Number of protein chains: 2
Amino acid sequence: MIQVFKKYLTDKIAITDEEWAMFEQYGMIKKLRKHQYLLQEGDVWRLNAFVCKGCLRKYHVDDKGVEHIVYFSIENYWTGDRESLLSGMPAKSNIDAIEDSVILLYSIEHFELLKSKIPAFKDFTISLLDRSFVASQNRVHSFISQTAEEKYLDFIKTSPQIANRIPQHMIASYLGISPETLSRVRKLTIKK
Amino acid sequence: MIQVFKKYLTDKIAITDEEWAMFEQYGMIKKLRKHQYLLQEGDVWRLNAFVCKGCLRKYHVDDKGVEHIVYFSIENYWTGDRESLLSGMPAKSNIDAIEDSVILLYSIEHFELLKSKIPAFKDFTISLLDRSFVASQNRVHSFISQTAEEKYLDFIKTSPQIANRIPQHMIASYLGISPETLSRVRKLTIKK
DNA sequence: GAAAAAACTTGATCTAGATCAATGGAAATT
DNA sequence: AATTTCCATTGATCTAGATCAAGTTTTTTC
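Predicted model only: the values in this text are computed from it and were never measured.

We now examine the protein's contact with DNA strand C. Near DNA strand C lie 17 residues; those nearest to it are Gln168 and Lys187 of chain A together with Ala148, Ser178 and Thr181 of chain B. At the protein interface, 68% of the atoms of DNA strand C within 4 Å belong to sugar or phosphate. Ser178 of chain B is positioned such that a nitrogen or oxygen atom in its side chain is 2.9 Å from a phosphate oxygen of DNA strand C. Glu180 of chain B places a side-chain nitrogen or oxygen 3.2 Å from a base nitrogen of DNA strand C. Counting only elements with at least two residues in the surface near DNA strand C, the list comes to α8 (168-175) and α9 (179-191) of chain A together with α9 (179-191) of chain B. Here the surface near DNA strand C gets five residues from one element, more than from any other, and that element is α9 of chain A.

Near DNA strand D you find 17 residues, and of these Ala148, Ser178 and Thr181 of chain A together with Gln168 and Lys187 of chain B are the closest. Put simply, 69% of the atoms of DNA strand D that lie within 4 Å of the protein are in sugar or phosphate. Note that a phosphate oxygen of DNA strand D is positioned 3.2 Å from one of the side-chain N or O atoms of Lys34 of chain A. Within the side chain of Thr181 of chain A, a nitrogen or oxygen atom sits 2.4 Å from a phosphate oxygen of DNA strand D.

Further remarks concern the pairing of strand β5 (residues 67-74) of chain A. Residue and element names in this part refer to chain A. Across the eight residues that make up β5, a large majority, six, are buried. Both strand β4 (residues 55-61) and β5 contribute to a ladder of seven bridges, which runs antiparallel. Within the sheet, the bridge partner assigned to Leu56 lies in β5 and is Ser73. Between the antiparallel neighbours β4 and β5 lie five residues, among them Gly65 with a positive phi of about 85°.

Each copy of the sequence occupies a distinct position, and chain A is placed on chain B by a rotation of 180° and an axial shift of 0.0 Å, giving an RMSD of 0.0 Å. Taken together, the turn and the small shift mark the pair as related by a two-fold rotation axis. Residue by residue, 100% of the interface of chain A is reproduced at the interface of chain B, so both copies engage with the same surface.

It is worth spelling out the sheet that holds strand β3 (residues 47-53) of chain B at this point. All names here are of chain B. The sheet built from four strands is open, its strands ordered β1-β8-β3-β6 with antiparallel pairing. The open sheet has two edge strands, β1 (28-32) and β6 (78-79), and neither has a second partner. Strand direction decides the pairing type here: β1 and strand β8 (residues 101-107), joined by five bridges, are antiparallel. Across the sheet, Ile29 pairs through a bridge with Leu104, a residue of β8. Its contacts with the sheet put helix α1 (residues 2-12) on β1, β3, β6 and β8, and the angle it makes with β3 is roughly 100°.

What follows deals with the interface of chain A and chain B. On the side of chain B, 31 residues touch chain A, which itself brings 31 residues to the contact. Summed over both partners, the interface of chain A with chain B buries about 2800 Å², with 67% contributed by carbon and sulfur atoms. Ranking the residues of chain A by area buried against chain B places Phe133, Val140 and Ile144 of chain A at the top, with a combined share of 21%. Our enumeration of links across chain A and chain B arrives at four salt bridges.

As a further point, take the environment of Phe124 of chain A. All names here are of chain A. Its location among the elements puts Phe124 in helix α5 (residues 119-145). Overall, Phe124 belongs to the buried group, its relative accessible area being 8%. Spatially, the C-alpha atom of Phe124 lies 38 Å from that of Arg186, the residues being 62 residues apart in sequence.

Relative to the helices and strands, Leu153 of chain A is located in helix α6 (residues 148-158). With 36 residues separating them along the chain, Leu153 of chain A and Thr189 of chain A place their C-alpha atoms 8.5 Å apart.

In this section: empty space enclosed by the protein. Counted according to the given criterion, the structure contains one cavity of 30 Å³ or more. As for the largest cavity, its lining consists of Lys58, His60, Val70, Asp81, Arg82, Glu83, Lys92 and Ser93 of chain A together with Val134, Gln137, Asn138 and His141 of chain B. Breaking the lining of the largest cavity down by element, the ones donating at least two residues are β4 and α3 (82-87) of chain A together with α5 (119-145) of chain B. Top contributing element to the lining of the largest cavity by residue count: α5 of chain B, with four residues.

Before going further, it helps to spend a moment on the packing of aromatic side chains. All names here are of chain A. Evaluation of the coordinates by the stated rule reveals 39 aromatic pairs over all chains. With 5.9 Å between their ring centres and 50° between their planes, Phe5 and Tyr106 make a pair best called tilted. Taken together, the positions of Phe5 in helix α1 (residues 2-12) and Tyr106 in strand β8 (residues 101-107) put the pair 101 residues apart, joining distant regions of the chain. Judged by relative accessible area, Phe5 falls into the buried class, the value being 0%. Judged by its relative accessible area of 0%, Tyr106 falls in the buried class. Put simply, the rings of Phe5, Tyr8, Trp20, Phe23, Phe50, Trp78, Tyr106, Phe111, Phe121 and Phe124 touch in pairs and so form one group of aromatic residues. Of note, Arg139 hangs over the ring of Tyr174, and the distance from its end group to the ring centre comes to 3.6 Å.

The rules behind these values
Residues numbered from 1 in each chain as written. Chains lettered and ligands numbered in written order. Predicted model: local features only at pLDDT ≥ 70, side-chain atom pairs only at ≥ 80, totals over all residues. Heavy atoms only, no water. Near = heavy atom within 4 Å. Polar contact = N/O pair within 3.5 Å; in protein donor to acceptor, adjacent residues only side chain to side chain. Helix = DSSP H or I, 4+ residues; strand = E, 2+ residues; numbered from the N terminus. Buried < 20%, exposed > 50% of the residue type's maximum accessible area, 1.4 Å probe, protein only. Pairing = 2+ DSSP bridges. Least-squares fit on C-alpha atoms with pLDDT ≥ 70 in both. Contact = heavy atoms within 4.5 Å. Axes fitted to C-alpha atoms, helices over the stretch in contact; angles between N-to-C directions. Buried area = accessible area lost by both parts, 1.4 Å probe. Salt bridge = Lys/Arg side-chain N within 4 Å of Asp/Glu carboxyl O. 1 Å grid on protein atoms, 1.4 Å probe; cavity = no way out; pocket = protein on both sides within 12 Å on 5 of 7 lines; lining within 4 Å. Points joined across faces, edges and corners; volume = space filled by probe spheres on them. Phe/Tyr/Trp six-rings, centres within 6.5 Å; stacked < 30°, edge-to-face > 60°. Lys NZ or Arg CZ within 6 Å of the ring centre and 35° of its normal.

As far as function goes, none of this settles anything; it's purely spatial.
Pasting the structure below:
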């Protein structure tokens, strides 16, 4: 299963056999059953997690007990709680598996070691962060300026591989609209 | 005016005199009058901009001609259009001065040079990006889960130094609510 | 493969916040 | 100092989307 990560990595940067050996040595494979938690609110997150197989969601629970999904991750995506990682404080979010999944984990210490020993990998993580930041800003912009319908159409257009495998009410939660509204939006847009 | 940047930098990382000389050599000071653009939609952004003095806003204009503010920057903040910088494509956003301002500019080439010659500075920019990403994610979360009132109270609590110097209708735009709603929200919350 | 649990749809009603419109006050601009 | 432009407030009305409530279909589980 770590082969998924090897392919991902070698598609992006040139890696020697010795360097790959380090990734193999430090990586920990974790299997998650559907509904199982990778991270629970209140725990401190100290890892970097690469999804080899499956699908996970990251969500917050508000005062009224409502879940708000902030991120989905499928094969070749990273997940985790950066805020907890950086601050060392307990996470305010939960991450659980939507499907049976296989995750590759690196402790923060091993991950730092890999970055320091392999400059190309360090640069890669920076460019990943750069693109994540731009994506997050675009998402903010979509919330400021788009209607429910626009947000939905945008989502299925830009993330069809995610949209096609998760339950509809989770898409609604991710878009910040009610499941009923999403159902009605879809009925209208299919006809168009 | 570049002294503002020197203080900012030396508060954060240790810098030799020779290193500081490079920052002085490559930095370009630009003065902006109120309402003057730093970046206009359609231009390619190829800089990093540090605000020495004043206040700027970054905003998008939608199909209906409505402005949506996505970011404010005051003294000791950075600004720019990362999406255009990374992609090389024309910017979809505008940045202009809300007050007469003084900006310190580094071309992308000089900025890369500084990062490669001064590892501590490179690490600093990574940590800055890390924190910007977390802030952006928290803003997404606030749009998914908060009411107009909650967003406003949060904003004046976490960014009082910004909230106190910009016109109210710009706060409304930043929060994704109408100026009238913000006026009403304030009337209610002051009484409480 | 039957029963139970989730997930989706549809209708009726409600509401937070938008939009429209008018007024008064504060800042720029001359 | 006068005039114009911009800003904030307030009231009246409207609407996108939420909430509540069934009913139906799909998926899990035993």
